[in-house]
Amino acid sequence: MSLRQYAYFGLSSQHISADEITSRLGITPDEVTVRGSRTITPRAIPASHRWRIVCREPGLCVDEQIARILDRLRPHTTRIAELVGQLAADGGGAVLQVVRYFNDTDHDESPRHPDAPNLFGWHLDRDVLDFLAAVDAELDVDEYDMTPGEDTI
């Protein structure tokens, strides 16, 4: 079965921009997005700012991807926790997101050699759980079956 997966730690806010998050944390994100409001009158106002540290490296299991992300974040745990408190008061917050696509033959990143690691199983160790608790982050896992013709309603 083919597999493509990635993980990221993201911060979101309705009012604090990704640039300000970067300034407060002293960490340059891998990705930022701004989602506009659904109405443009009298003027469009950003409805959501998102700041992310991402690992998309193929061939790593999820726990290895998360470890690489947290290696970058752990030195800043106190500042992240303080900022997340402010973001939560604003309707924002923090998330550790795992995204996995099964049977995605168009974008297969599964290792092909016999000694390749099994990418299907993963776990969160105590250090990851402690970090998530310390910064008051949620864990969100999205998994998609991309098998052609297997759509169900």
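Up top is the structure these notes are about.
These figures come from a predicted structure and were not determined experimentally.

Visitor: Could you clarify how one ought to interpret unusual backbone geometry in this entry?
Guide: Trans is the common state for peptide bonds, and a negative phi is the common state for residues other than glycine. Residue Asp-136 is not a glycine yet carries a positive backbone phi of 55 degrees. Tracing the backbone through its elements, the reader meets Asp-136 in the loop between helix 4 (126-134) and strand 5 (138-145).

Visitor: Looking at this structure, I do not really get the packing of aromatic side chains. What am I missing?
Guide: How two aromatic rings sit relative to each other is given by the distance of their centres and the angle of their planes. By the definition in use, this model includes 3 aromatic pairs. An angle of 20 degrees between the planes, with centres 6.4 Å apart, marks the rings of Tyr-6 and Tyr-8 as stacked. The exposure class of Tyr-6 is buried, given its relative accessible area of 14%. Between Tyr-101 and Tyr-144, the ring centres sit 5.3 Å apart and the planes meet at 25 degrees, which makes this aromatic pair stacked. Separated by 43 residues along the polypeptide, Tyr-101 in strand 4 (residues 93-102) and Tyr-144 in strand 5 bring together distant segments of the chain.

Visitor: Sorry, what's going on with helix 4 here?
Guide: Residues of helix 4 that are buried include every one of Val-128, Phe-131 and Leu-132, and no others. Buried positions in helix 4, seen along its axis, are confined to an arc of 95 degrees and lie on one side of it. Facing away from the buried side of helix 4, by more than 90 degrees, are the exposed residues Arg-126 and Ala-133. The inward-facing, buried residues of helix 4 abut strand 1 (3-13), helix 2 (62-73), helix 3 (77-89) and strand 4.

Visitor: What exactly am I supposed to notice about the pattern of salt bridges here?
Guide: Close approach of charged atoms lets side chains of opposite charge pair. In the structure shown here, the tally under the stated rule is 8 salt bridges. The residue Glu-31 makes a salt bridge to Arg-56 at a minimum N-O spacing of 2.8 Å. Note that Glu-31 is positioned in strand 2 (residues 31-36) and Arg-56 in the loop between strand 3 (46-55) and helix 2, a separation of 25 residues in sequence. Given a relative accessible area of 22%, Glu-31 falls into the partly exposed group. One connected set of salt bridges, linked through shared partners, spans Glu-31, Arg-52 and Arg-56.

Cut-offs used in this document
- Residues numbered from 1 in each chain as written.
- Predicted model: local features only at pLDDT ≥ 70, side-chain atom pairs only at ≥ 80, totals over all residues.
- Heavy atoms only, no water.
- Helix = DSSP H or I, 4+ residues; strand = E, 2+ residues; numbered from the N terminus.
- Phe/Tyr/Trp six-rings, centres within 6.5 Å; stacked < 30°, edge-to-face > 60°.
- Buried < 20%, exposed > 50% of the residue type's maximum accessible area, 1.4 Å probe, protein only.
- Arc of directions from axis to C-beta.
- Contact = heavy atoms within 4.5 Å.
- Salt bridge = Lys/Arg side-chain N within 4 Å of Asp/Glu carboxyl O.

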